[in-house]
Amino acid sequence: MFNTVLKWTACAITLTAAILTSLQMLEYNRLCFAIGAALYLLWAVRIREWNLIVINGALLCIYAVGLAINS
């Protein structure tokens, strides 16, 4: 049950980030993308899916650097 809630929460936050990007709300979209990637990374670790761990770990690093540089 927890895994289901986790992946759908990550999905909703990532979609929110995409909407914010389309509305040019760049400060908030980066944060939402980072949170979404972190939640997807946690879910990927829980289900032991290595390709998702790699992609979401890399995305989280990219978003974190973007947040650090642009904050």
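For the structure, see preceding data.
Keep in mind that what you see is a predicted model, and the values were worked out from it rather than measured.

A. Representation of the packing of helix H2 (residues 26-47) against helix H3 (residues 50-70). At a minimum axis distance of 8 Å, the contact between H2 and H3 shows a crossing angle of 155°. Classified by the interaxial angle, the pair formed by H2 and H3 is roughly antiparallel. Relative to H3, the crossing made by H2 is left-handed. Taking contact as the criterion, the partners of Arg30, Leu31, Phe33, Ala34, Ala37, Ala38, Tyr40, Leu41, Trp43, Ala44, Val45 and Ile47 in H2 are, on H3, Leu52, Ile53, Asn56, Gly57, Leu59, Leu60, Tyr63, Gly66, Leu67 and Asn70. Considering only residue class, the contact of H2 with H3 consists of 17 nonpolar, four polar and one charged.

B. Geometry of the environment of methionine 1. Summarising the element assignment, methionine 1 is placed in the segment before helix H1 (2-22). By relative accessible area, methionine 1 is classed as exposed at 79%. It is 15 Å that separates the C-alpha atoms of methionine 1 and tyrosine 40, two residues lying 39 residues apart in sequence.

C. Unusual backbone geometry, seen in detail. Positive phi is not limited to glycine here, since glutamine 24 has a value of about 60°. Looking at the secondary structure, you find glutamine 24 in the loop between H1 and H2. The exposed category is assigned to glutamine 24, whose relative accessible area is 60%. Within the chain, arginine 48 stands out as a residue other than glycine whose phi angle is a positive 60°. Structurally, the position occupied by arginine 48 is in the loop between H2 and H3. A relative accessible area of 67% places arginine 48 in the exposed class.

What counts and what doesn't
Residues numbered from 1 in each chain as written. Predicted model: local features only at pLDDT ≥ 70, side-chain atom pairs only at ≥ 80, totals over all residues. Heavy atoms only, no water. Axes fitted to C-alpha atoms, helices over the stretch in contact; angles between N-to-C directions. Helix = DSSP H or I, 4+ residues; strand = E, 2+ residues; numbered from the N terminus. Parallel < 35°, antiparallel > 145°, perpendicular 65-115°, else oblique. Left-handed = near helix turned anticlockwise from the far one by under 90°. Contact = heavy atoms within 4.5 Å. Nonpolar A, V, L, I, M, F, W, Y, C, P; charged D, E, K, R; others polar. Buried < 20%, exposed > 50% of the residue type's maximum accessible area, 1.4 Å probe, protein only.

Without other data, these values stay purely geometric and don't point to any function.
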